[in-house]
Amino acid sequence: MPPHTTDIPTSTHVAYRDDPRHPLYLGTWKQHPEPYTRDFVHDNLEEPHRKRQKAILAKHPEVRQLYGNEPLTAVIGAAATFVQLSAAYIIGCVWTDMHWAAVLAIAYLLGGTISALYGVIIHEAGHNLVFKRPLFNRLTGLMVNLPMVVPISQSFRRYHLEHHQFQGVEGMDPDLPLDAEIDLIHNNPLLKTLWVFCYSAMYVVRGLALKKQPQRWELINWAFIVSVDILIARYMSVRSLAYLAVSVFFGYGMHPGAAHFIQEHYIFRDGQETYSYYGSGNILYLNIGLHNEHHDFPQIPWTRIWKLRRIAAEFYDPLFAHTSWINVIFHFIASPMLGPQARLVRSYESHKTGRAEYKAPVSAPSVARSAAAKTTITNASLGLKKRRDSGV
């Protein structure tokens, strides 16, 4: 089946036209109409966030005052690291006769919950939102990576920044599923359940598939974590190390705290590429659910991102948003329309020409929109109102 694209043609010359998606930057592309399609959804314009940022700043220049750092993130990270290492010591060295089922329960309820939090803190540090100096942000990432067994913080920083720069660009966005994931998993509920369980492994595989040489800080990360793992096994126990490893597996897999990996960019509505979550899980996970807001303004730390949401409400209220991470996981597995293929992609040429040809007008969301855009926005707004479901 041919890919679904917008009706906006690309060209080889620079025309400097107003972007027709302005001001909300919802596309006119549609999801695949049949569940058997084994392909991404395609667009021929660039990602929406850079231009929506310009539109918001044109109306709300005070948003710039929210830029900065939040050192409290490092304090939370240190406390979470202490708790998890303490739990590993108790389980591996004190409660050595605890039944394996009880250990798994603790690894999911406590260890998985904390491990998912580590990912959020590594994310903040990756954007240099903890301290002003990049070095201190890298050290924060290494600190919370300490109980995670696998070296992840510096590679995540590298690839996540590339995701922001090349969102949806095939072959350049490390967050996109591999073709093998689509071929193997597609919309099979059982295989999607297994895929969610193993999402942490898929993240690693996607990075390796890019075949990039590790950078200096990634090598430091590897040396540091391998050394820590050896020390934990030697001075605590192998059981302690296993508890930490299983905690990471749970926390990055079938866990409400990991549902944001699905929530963020998997397509739940026509024309909308990125999704936020406005549920209670943001309290524990440092507002990681406000993903549209974060992509629009990656310079704003988690303690101020809700202020952006309130200031620029007219830009975010019409967008579809989730209110339950549990429901995100359930719907992703149960719906035949969702799977690894439910992502929007674009070519690098479309990425470049979209930015070069179509400019963001400096007008507010009250400007006239196309009929297709209005329909998309109305459906998204109604969908948000209908989805005031309870849950994490």
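Residues numbered from 1 in each chain as written. Predicted model: local features only at pLDDT ≥ 70, side-chain atom pairs only at ≥ 80, totals over all residues. Heavy atoms only, no water.

Turning next to the nonpolar core. If you look at the biggest cluster of nonpolar residues, it comprises 43 residues, and the most contacted ones within it are W195, V196, I262, Y266, F268, Y285 and F332. The set of elements that each furnish at least two residues to this core consists of α3 (100-126), α7 (189-197), α8 (199-209), α11 (260-263) and α16 (325-334). The element contributing the most residues to this core is α3, with 7 residues. Those residues in contact with V196, other than ones at most four positions away along the chain, are Y252, G253, M254, I262, F332 and I333. (Core = buried A, V, L, I, M, F, W, Y, C linked by side-chain atoms within 4.5 Å. Buried < 20%, exposed > 50% of the residue type's maximum accessible area, 1.4 Å probe, protein only. Helix = DSSP H or I, 4+ residues; strand = E, 2+ residues; numbered from the N terminus. Contact = heavy atoms within 4.5 Å.)

Once that is clear, we can look at the pattern of salt bridges. Taken as a whole and assessed by the stated rule, the structure comprises 17 salt bridges. The salt bridge involving D19 is made with R21; its shortest N-O contact spans 2.9 Å. Assessed through its relative accessible area of 8%, R21 is described here as buried. With a closest N to O distance of 3.2 Å, R21 and E46 form a salt bridge. Taken as a pair, R21 in the loop between β1 (17-18) and β2 (41-42) and E46 in the loop between β2 and α1 (49-59) lie far apart in primary sequence, 25 residues in all. (Salt bridge = Lys/Arg side-chain N within 4 Å of Asp/Glu carboxyl O.)

The next point concerns the confidence of the model for the protein chain. With 88% of its residues at a pLDDT of 70 or more, the protein chain has an overall mean of 90. Taken as a whole, residues 1-14 scores under 50 in pLDDT and shows 34 contacts with residues more than four places along the chain or in a different chain. (pLDDT = per-residue confidence, 0-100.)

What α16 keeps buried is the set W325, V328, I329, F332 and I333. The buried residues of α16 all sit within an arc of 120° when viewed along its axis, so they share a single face. You can read the cap of α16 off the contacts: a side-chain oxygen lies 3.4 Å from the backbone nitrogen of I326, and it is on S324. (Arc of directions from axis to C-beta. Polar contact = N/O pair within 3.5 Å; in protein donor to acceptor, adjacent residues only side chain to side chain.)

This brings us to unusual backbone geometry. For residues besides glycine, phi is generally negative; the peptide bonds are generally trans as well. Residue P23 follows H22 across a cis peptide bond; omega there is 10°. Inspection of the secondary structure puts P23 in the loop between β1 and β2. Its identity is not glycine, yet H186 carries a phi of approximately 45°, on the positive side. With respect to the helices and strands, H186 occurs in the loop between α6 (179-184) and α7.

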